[in-house]
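Summary of structural features
Listed below are the residues making up each chain.
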Amino acid sequence: MVEELVREILQSLPPHITLVAAAKTRTPDEALAAIRAGVKVIGHNYVQEAEQMFAVIGRQVQWHMIGHLQRNKVKKAVPIFDMIETVDSLQLAEVIDRVCEQHGKVMPVLIEINSGRPYFRVTKEIFEKIREENLPDVEMKFLSMGMSNSYRVAIEEGANIVRIGTKLFGPRE
Ligand SMILES: *Cc1c(COP(=O)(O)O)cnc(C)c1O
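The sections below set out a description of the structure shown in this document. (Residues numbered from 1 in each chain as written. Predicted model: local features only at pLDDT ≥ 70, side-chain atom pairs only at ≥ 80, totals over all residues. Heavy atoms only, no water.)

1. Brief notes about the sheet that holds strand β3 (residues 62-65)
- A sheet is described by the order of its strands in space; here six strands give the open sequence β5-β4-β3-β2-β1-β6, paired in parallel fashion. The sheet is open, and its two edges are formed by β5 (109-111) and β6 (161-164), each paired on a single side. Strand after strand, the sheet turns through a mean of 25° between neighbouring axes, direction not considered.
- Sheet analysis places strand β1 (residues 18-22) next to strand β2 (residues 41-44), joined by three bridges and oriented parallel. Note on β2: the bridge partner recorded for Ala-21 is Ile-42.
- Packed on one face of the sheet, helix α3 (residues 47-57) meets β2 and β3 and runs near 175° to β3. (Pairing = 2+ DSSP bridges. Helix = DSSP H or I, 4+ residues; strand = E, 2+ residues; numbered from the N terminus. Axes fitted to C-alpha atoms, helices over the stretch in contact; angles between N-to-C directions. Contact = heavy atoms within 4.5 Å.)

Put into structure tokens, the structure is as follows:
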């Protein structure tokens with residue numbers, strides 16, 4: 001079931017779009033089914049849940065943090081995640097930077113902007129504006145917007161990462 005849904009969605013996505021399977025509350029087996037069907041990135045909202053799933057699945061996929069990250073969880077998050085999509089303060093960025101230095105790791109991060117469905121266009125405009133600034137050491141490459149019920153619109157508005165849970169795994173209990 002999960003595998004069929006994943007295949008369907010992957011086939012419907014333009015090739016430049018990265019699908020993040022939003023796996024909160026799902027079991028490692030559900031995630032593994034999604035991976036068999038072609039999912040390459042698992043997204044998690046909670047570090048502890050990610051740790052448990054990571055222990056089973058490991059590095060056969062990439063791991064994105066998509067939930068709010070508390071500063072006191074960064075130490076545990078850095079070794080697991082390949083990208084943190086939710087940097088919402090300078091202080092958080094600084095803690096990530098410090099912990100990454102200890103790990104000899106460079107963490108790709110996305111800046112989180114508070115927006116909702118009608119605001120995809122505004123978010124894209126902000127993205128472009130920052131890109132045009134050509135800020136040193138800033139690469140504006142990924143725009144992560146859209147979930148199960150909005151990812152098509154988000155892609156039309158310029159998203160190249162979509163985070164889908166319900167539509168892959170079914171409704172959450
Ligand atoms: C749960 C979640 C998603 C996926 O939502 P669905 O509606 O289940 O597709 C995407 N992004 C974030 C940050 C989430 O917490």
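On we go.
2. Focus: the side chain of Ser-148
- If you trace the backbone, Ser-148 turns up in the loop between α6 (120-132) and α7 (151-156).
- At 3.0 Å, the side chain of Ser-148 and the backbone nitrogen of Lys-167 are in polar contact. (Polar contact = N/O pair within 3.5 Å; in protein donor to acceptor, adjacent residues only side chain to side chain.)

3. So, the pairing of β1
- In terms of burial, β1 is a largely internal element, four of the five residues being buried.
- The sheet contact formed by β1 and β6 spans four bridges and is parallel. Each bridged residue has a counterpart across the sheet, and for Leu-19 the counterpart in β6 is Val-162.
- Assessed by its sense of winding, the connection that carries the chain from β1 through helix α2 (residues 28-36) to β2 is right-handed. (Buried < 20%, exposed > 50% of the residue type's maximum accessible area, 1.4 Å probe, protein only. Right-handed = clockwise from strand over helix to strand, strands pointing away.)

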